[in-house]
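# What the coordinates show
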Amino acid sequence: MMNSNGEAQHQRIARISAHLNPSNYTMEQGTVLGRINCRSKGGASGFKVAILGAAGGIGQPLAMLMKMNPLVSVLHLYDVVNAPGVTADISHMDTGAVVRGFLGPRQLENALTGMDLVIIPAGVPRKPGMTRDDLFNINAGIVKTLCEGIVECCPGAIVNLISNPVNSTAPIAAEVFKKAGTFDPKKLMGVTMLDVVRANTFVAEVLGLDPREVNVPVVGGHAGVTILPLLSQVKPQCSFTPEEIGYLTARIQNGGTEAKAGSGSATLSMAYAAVKFADACLRGLRGDAGIVECAFVASQVTELPFFASKVRLGRTGVEEIYPLGSLNEYERAGLEKAKKELAASIQKGVSFIRK
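Quick caveat: nothing in here was measured; it's all calculated off a predicted structure. Throughout this description, residue numbers start from 1 for each chain and increase along the sequence as written. With pLDDT at 70 or above as the cut-off, local features in this predicted model cover only qualifying residues; side-chain atom pairs require 80 or more to be listed or tallied, and sums for whole chains, interfaces and linings still use all residues. Water and hydrogen atoms were dropped before computing side-chain values, which therefore reflect all heavy atoms in the structure.

### Some thoughts on the nonpolar core
Ranked by internal contacts, the top residues of the largest apolar core, which has 61 residues, are Leu62 and Met66. In DSSP terms, a helix is any run of H or I states spanning at least four residues, a strand is any run of E spanning at least two, and both are numbered starting from the N terminus. In terms of residue count, the dominant contributor to this core is helix α10 (residues 268-286) (11 residues). Contact between two residues is taken to exist if any of their heavy atoms lie within 4.5 Å; hydrogens are not considered. Excluding anything up to four places from it in sequence, Met66 contacts Val49, Ile51, Val72, Leu75, Ile119, Val275, Ala278 and Leu282. Met115, Leu146, Ala174 and Leu327 belong to the second-largest nonpolar core, a separate cluster that totals 48 residues. Definition used in this section: a nonpolar core is a set of buried Ala, Val, Leu, Ile, Met, Phe, Trp, Tyr and Cys residues joined via side-chain atoms within 4.5 Å. In this scheme, a residue with accessible area under 20% of its type's maximum is buried, one over 50% is exposed, and one in between is partly exposed, where area comes from a 1.4 Å probe on protein chains only.

### Quick word on unusual backbone geometry
With an omega of -5 degrees, the peptide bond running from Asn164 to Pro165 counts as cis. Here Pro165 lies in the loop between β5 (158-161) and α6 (166-180). The omega torsion across Lys235 and Pro236 is 0 degrees, close enough to zero to call that bond cis. Look at Asn82: it is not a glycine, yet its phi comes out positive at around 60 degrees. Within the element layout of this structure, Asn82 appears in the loop between β2 (72-79) and α3 (83-91). The exposed category is assigned to Asn82, whose relative accessible area is 53%.

### So, the side chain of Ser299
Mapped onto the secondary structure, Ser299 falls in the loop between β9 (291-298) and β10 (306-314). For Ser299, the contacting residues outside a window of four places in its chain are Leu304, Pro305, Phe306, Phe307 and Ile321.

### A closer look at α3
By the burial criterion, the buried members of α3 are Ala83, Val86, Thr87 and Ile90. When α3 is viewed along its axis, its buried side chains cluster within an angular range of 100 degrees and face the same direction. In this description, one arc is meant: the one made by directions from the helix axis to the C-beta atoms.

### Brief notes about the UniProt feature "binding site: substrate" (unreviewed entry) in the protein chain
UniProt positions are given in the numbering used here, feature names are shortened, and annotations may be inferred rather than shown by experiment. The UniProt feature table records "binding site: substrate" (unreviewed entry) at Arg126, Arg132, Asn164 and Arg198. Structurally, Arg132 can be placed in helix α5 (residues 132-153). If near-sequence neighbours (up to four positions away) are discounted, Arg132 is found in contact with Arg126, Ala223 and Gly224. Relative to the helices and strands, Arg198 resides in helix α7 (residues 193-207).

### Let's talk about the state of the cysteines
Any two cysteine sulfur atoms lying within 2.5 Å of each other are counted as a disulfide. The full count for this structure, using the stated rule, is zero disulfides. This cysteine, Cys147, is not joined by any disulfide, and Cys154 carries the nearest cysteine sulfur, 9.8 Å off.

### Some details on the packing of helix α2 (residues 59-67) against α10
Whenever a helix is involved, its axis is fitted only over the stretch in contact; in every case the axis is a line through C-alpha atoms, and angles between N-to-C directions fall within 0 to 180 degrees. Running from N to C, α2 and α10 cross one another at 40 degrees; their axes reach a closest spacing of 8 Å. Classed by the angle they form, the pair α2 and α10 counts as oblique. Crossing of α2 over α10 shows right-handed handedness. Facing Pro61, Leu62, Leu65 and Met66 of α2, the residues of α10 in contact are Leu268, Ala271, Tyr272, Ala274, Val275, Ala278 and Leu282. Of the residues belonging to the contact of α2 with α10, the class tally is 11 nonpolar, no polar and no charged. Every angle not falling under 35 degrees, over 145, or within 65 to 115 is termed oblique; those three ranges are roughly parallel, roughly antiparallel and roughly perpendicular. Note on convention: near helix rotated counterclockwise from far helix by under a right angle means a left-handed crossing. Clockwise means right-handed. Side-chain classes are defined by residue name, with Ala, Val, Leu, Ile, Met, Phe, Trp, Tyr, Cys and Pro counting as nonpolar, Asp, Glu, Lys and Arg as charged, and the others, Gly among them, as polar.

### A closer look at α2
Taken together, the buried positions of α2 are occupied by Gly59, Pro61, Leu62, Ala63, Met66 and Lys67. Buried residues along α2 sit against β1 (47-52), β2, α3, β3 (98-103), β4 (117-120) and α10.

### Examining the confidence of the model for the protein chain
The pLDDT score gives, residue by residue, the confidence of the prediction method on a 0 to 100 scale. With 86% of its residues at a pLDDT of at least 70, the protein chain reaches an overall mean of 90. Across residues 23-44 the pLDDT falls below 50, and counting only partners more than four positions away or on other chains, this stretch makes 42 contacts in the model.

### Remarks on the pairing of strand β11 (residues 317-321)
Between any two strands, at least two bridges found by DSSP are needed for them to pair. Note that β10 and β11 share four bridges and pair antiparallel. Pairing of Gly314 across the sheet is with Gly317, part of β11. The antiparallel hairpin formed by β10 and β11 contains two residues in its connecting segment.

### As for the pattern of salt bridges
Should a side-chain nitrogen of Lys or Arg be within 4 Å of a carboxyl oxygen of Asp or Glu, the pair is scored as a salt bridge. A full pass over the atoms with the stated rule returns 12 salt bridges. Residue Lys144 is joined to Glu148 by a salt bridge in which the shortest nitrogen-to-oxygen separation is 2.8 Å. Here Lys144 and its partner Glu148 are both found in helix α5, four residues apart, which amounts to about one turn of the helix. For Glu148, a relative accessible area of 35% gives the class partly exposed. Taken together, the shared-partner salt bridges in this structure form one network comprising Glu175, Lys178 and Arg354.

### A closer look at the side chain of Lys339
Mapped onto the fold, Lys339 is located in helix α11 (residues 329-354). Look at Lys339 and you get buried, because its relative accessible area is 12%. What qualifies as a polar contact is a pair of N or O atoms within 3.5 Å, subject to a donor-acceptor requirement within protein and to the restriction that residues adjacent in sequence count only when both atoms come from side chains. Reaching out from Lys339, the side chain makes a polar contact with the side chain of Glu336 at a distance of 3.4 Å. Excluding anything up to four places from it in sequence, Lys339 contacts Thr302, Glu303, Leu304 and Phe307.

Printed below as a string of structure tokens:
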């Protein structure tokens, strides 16, 4: 017979194991510790967040940074490979959020159940020699499958979609949700924050300012010419020469090529931008006022069904979508180019589900 000390030790081990791999500790008869009790002492009060694709190049730093966010109480890390190892690693960080890992399609339901926010960096990055069509064909199917899981397990969650090409994957997600009758345009957001982060950084370099003091609205979409920085609306108010406008616009639009010196895609800056945006969503959910960021959302700002622009975030997700404001001639021309390419990308996503 196990003495009381031995039993207490057994329960402690079970508790730790359940944090890292809750699928092994389901509510079966005789289980030492049910998942419902699987909370560390003093676990943070806050929101439940799932990262789908947590073992990837974006997912790992994203998971680490979300573990550091005091608004996160439970962090679920899902992937089809390496999720247990990443989960164990992240779980050693002495912050309040409880971390749990989920591996493979059979554990997707457990990963998603009860989540307030789902962040999706899953899929493959664009590699040298890979066309946008190659990227689309792989990632479209991944996003479809994951969104079908959201429909079943947490249809009311806010969804932050990072998987590229966002101009097509956000419409794919919307179509999956529409088909199931769960689509809420306030809850689905394509993450374009990296374009804003780059714009703030590059503009600050030209102006000789701290990037944290600069705010550049970036509208349109999240690829090439669809990325339109509104340099006429930069805060603090400033002016640029035509040469500076051309240089900055091109650099912001091609920032992904610059990342990793062309040998891969942005992962670390993307993770940073994703966490910045996720934090804004969580502060909105908490009820903070005046949370305004740019995101790719279902919109009537233009004639297109999706468009990236400034939005105000709140308890229900996107609570207000702002108009584009006054544009100069350069920006108006850029907007027409952006809309033409965006229209084709959006339709491509819609057709993927409706075909």
